[in-house]
Amino acid sequence: MTDQNNPSNLQPDDPDTTGHTWDGIQEFNNPLPRWWLWCFYLTIIWGVAYTVLYPAWPGISGATAGILGYSTRAEVSEEIERFDALNADLRTQLTEVELASVNREDSPELYNFALQAGSATFANWCSQCHGAGAAGVQAAGYPNLLDDDWLWGGTLEEIQATIAHGIRNEEDPDTRWSEMTAFEGILSDEEISHVVNHVLSISGQEADATLASAGDGVFLDNCAACHGDAGMGDRFLGAPNLTDAIWLYGGSAEAIEETVRHSRFGVMPGWSGRLSEAEVNATALYVHSLGGGE
């Protein structure tokens, strides 16, 4: 562009102007190169042709199908069906065999398939709570599946039952069920302090010896029915072992007091109605293989 009010800015080799003027400024007549224009026109033609041939224009209930009728969803669905057909025999076997008999030595193909299928199912449905690596989230009460501490048992059959029916899943009569009493209002603040120190003591943590001794009786009267006299827990009731260093909601004095006062009531959905039997069994085998299975 050039300033019409300052002719000294004009150079002998400057191009002609378009004749357009804005606030005394004229526009040079510099057309785009022909090759660039033709490329631009071709992209327009290609774009229009694409919207005619392939799904493109949105409608009320869907997009235009396009002349070619191509669908990426249909293509993916066909691929899934193809692989399902290839693995149909293995899926059938997973629903018919005893899980304990599926191992690397006796049935390597089925075992490897189960681990791969279980890993994919876990990543899709379970990792949101238990984490991608299955280490859980203690602050939120999601258990670590890598250790050897199991509230309801860690055998293949027990893991499979937990996955299939869930925990405190009110929709399934076969769900795992336990309910801890909230002792706020039942025990006095002093008694709660006593039992908290008792739990700290039996779990090997630093505690007030006097308060812990006083908490022994409180524990026996109110907690031993589920956790046992020694606090070792009861898998039949889903009552955790209080003597180890593994805590679902944290083992500090504050976390234990919160649990005693207000209880915990974690819920896990049952997956038997959402996943196929083969997927449930494959997930059980995968979780069992992570290192904490019994």
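Residues numbered from 1 in each chain as written. Predicted model: local features only at pLDDT ≥ 70, side-chain atom pairs only at ≥ 80, totals over all residues. Heavy atoms only, no water.

Quick notes on the overall build of the chain
Along the chain, the regular secondary structure elements total 11 helices and 3 strands. Beginning at the N terminus, the succession of helices and strands in the chain can be written as β-β-β-α-α-α-α-α-α-α-α-α-α-α. Expressed as lengths along the three principal axes of its C-alpha atoms, the size of the chain is roughly 105 × 60 × 40 Å. Within the structure as shown, the chain displays about 18300 Å² of accessible surface, and the carbon and sulfur contribution to it stands at 55%. Seen as two clouds, the 11 positive and the 44 negative side-chain charges of the chain have centres 6 Å apart. (Helix = DSSP H or I, 4+ residues; strand = E, 2+ residues; numbered from the N terminus. Areas by Shrake-Rupley, 256 points an atom, 1.4 Å probe, with all protein chains shown as cover. Lys, Arg positive; Asp, Glu negative; His and termini not counted. Charge placed at Lys NZ, Arg CZ, Asp CG, Glu CD.)

Regarding the packing of helix α7 (residues 189–202) against helix α8 (residues 209–222)
The packing of two helices is summarised by the inter-axis angle and the distance between the axes. Between α7 and α8, the shortest axis-to-axis distance is 7 Å and the interhelical angle comes to 100°. Here α8 runs roughly perpendicular to α7, going by the angle between their axes. Contacts between α7 and α8 involve Glu191, Ser193, His194, Val195, Asn197, His198, Val199 and Ser201 from the former and Leu211, Ala212, Ala214, Gly215, Asp216, Val218 and Phe219 from the latter. (Axes fitted to C-alpha atoms, helices over the stretch in contact; angles between N-to-C directions. Parallel < 35°, antiparallel > 145°, perpendicular 65-115°, else oblique. Contact = heavy atoms within 4.5 Å.)

Remarks on the nonpolar core
Residues Leu94, Phe122, Leu145, Ile159, Ile163, Leu285 and Val287 are the most contacted members of the largest nonpolar core, which totals 31 residues. Listing elements by their share of this core, those giving two or more residues are α3 (88–96), α4 (108–125), α6 (156–165) and α11 (277–289). Aside from chain neighbours lying at most four places away, what touches leucine 94 is Leu99, Leu110, Phe113, Ala114, Ala278, Asn281, Ala282 and Leu285. The next biggest cluster of nonpolar side chains, apart from the first, holds 15 residues, and it includes Leu187, Val199, Leu200 and Trp247. (Core = buried A, V, L, I, M, F, W, Y, C linked by side-chain atoms within 4.5 Å. Buried < 20%, exposed > 50% of the residue type's maximum accessible area, 1.4 Å probe, protein only.)

A few points about the confidence of the model for the chain
For the chain, the mean per-residue pLDDT works out to 91, and 96% of the residues sit at or above 70. Counting contacts from residues 4–8, a segment whose pLDDT is below 50, to residues more than four positions away or on other chains yields 4 contacts. (pLDDT = per-residue confidence, 0-100.)

Some details on the domain arrangement of the chain
By the assigned domains, the chain splits into domain 1 (1–57), domain 2 (86–174 + 268–288) and domain 3 (189–262). Tallying the contact residues gives 13 residues for domain 2 and 13 residues for domain 3. A combined buried area of about 1000 Å² lies between domain 2 and domain 3, and 55% of that area is made up of carbon and sulfur atoms. Taken together, domain 2 and domain 3 are joined by 1 residue pair in polar contact (both at pLDDT 80 or more). Considered class by class, the residues forming the side of domain 2 that touches domain 3 number 6 nonpolar, 4 polar and 3 charged. (Domains from an automatic or database assignment. Buried area = accessible area lost by both parts, 1.4 Å probe. Polar contact = N/O pair within 3.5 Å; in protein donor to acceptor, adjacent residues only side chain to side chain. Nonpolar A, V, L, I, M, F, W, Y, C, P; charged D, E, K, R; others polar.)

Here's the deal with the environment of arginine 104
As for its position among the elements, arginine 104 is in the loop between α3 and α4. With relative accessibility at 46%, the residue arginine 104 sits in the partly exposed group. When near neighbours in sequence (up to four residues on either side) are disregarded, arginine 104 contacts Tyr111, Asn112 and Leu115. Engagement of the side chain of arginine 104 in a polar contact is seen with the side chain of asparagine 112, the distance being 3.4 Å.

Concerning the packing of aromatic side chains
Applying the stated criterion across every chain yields a total of 9 aromatic pairs. Relative to tyrosine 41, the ring of tryptophan 38 has its centre 5.9 Å away and its plane inclined at 90°; by these criteria the two rings are edge-to-face. Pair noted here: tryptophan 38 and tyrosine 41 are both in helix α1 (residues 34–53), with a separation of 3 residues, about one helical turn. Residue tryptophan 38 is classed as exposed on the basis of its relative accessible area, which comes to 55%. Taken together through their ring pairs, the aromatic side chains of Trp36, Trp38, Phe40 and Tyr41 make up a single cluster. (Phe/Tyr/Trp six-rings, centres within 6.5 Å; stacked < 30°, edge-to-face > 60°.)

Re the side chain of arginine 168
Relative to the helices and strands, arginine 168 resides in the loop between α6 and α7. Look at arginine 168: it is buried, it has no salt bridge, and the nearest opposite charge is glutamate 179 at 7.1 Å. Not counting residues within four places of it along the chain, the set of residues in contact with arginine 168 comprises Thr175, Arg176, Trp177, Ser178, Phe265, Gly266 and Val267. (Salt bridge = Lys/Arg side-chain N within 4 Å of Asp/Glu carboxyl O.)

Some details on the packing of α4 against α11
For the pair α4 and α11, interaxial distance at closest approach is 7 Å and the crossing angle is 95°. Between α4 and α11, the angle is such that the two are roughly perpendicular. Where α4 abuts α11, its residues Tyr111, Ala114, Leu115, Ala117, Gly118, Ser119, Thr121 and Phe122 lie against Glu279, Ala282, Thr283, Leu285, Tyr286, Val287 and Ser289.

Section: α4
Look at α4: 25 Å from first C-alpha to last across 18 residues, which is about the 26 Å you get at 1.5 Å a residue. Residues of α4 that are buried include every one of Leu110, Tyr111, Phe113, Ala114, Leu115, Ala117, Gly118, Thr121 and Phe122, and no others. Residues of α4 that are buried sit in contact with α3, α5 (127–130) and α11. (Expected span 1.5 Å × (residues − 1).)

Notes on the environment of isoleucine 67
Mapped onto the elements of the fold, isoleucine 67 is located in the loop between α1 and α2 (72–86). In this structure isoleucine 67 comes out as exposed when scored by relative accessible area, which is 62%. For the pair formed by isoleucine 67 and tyrosine 54, sequence separation is 13 residues and the distance between their alpha carbons is 6.6 Å. Residue contacts for isoleucine 67: discarding those within four places in its chain leaves Val52 and Leu53.

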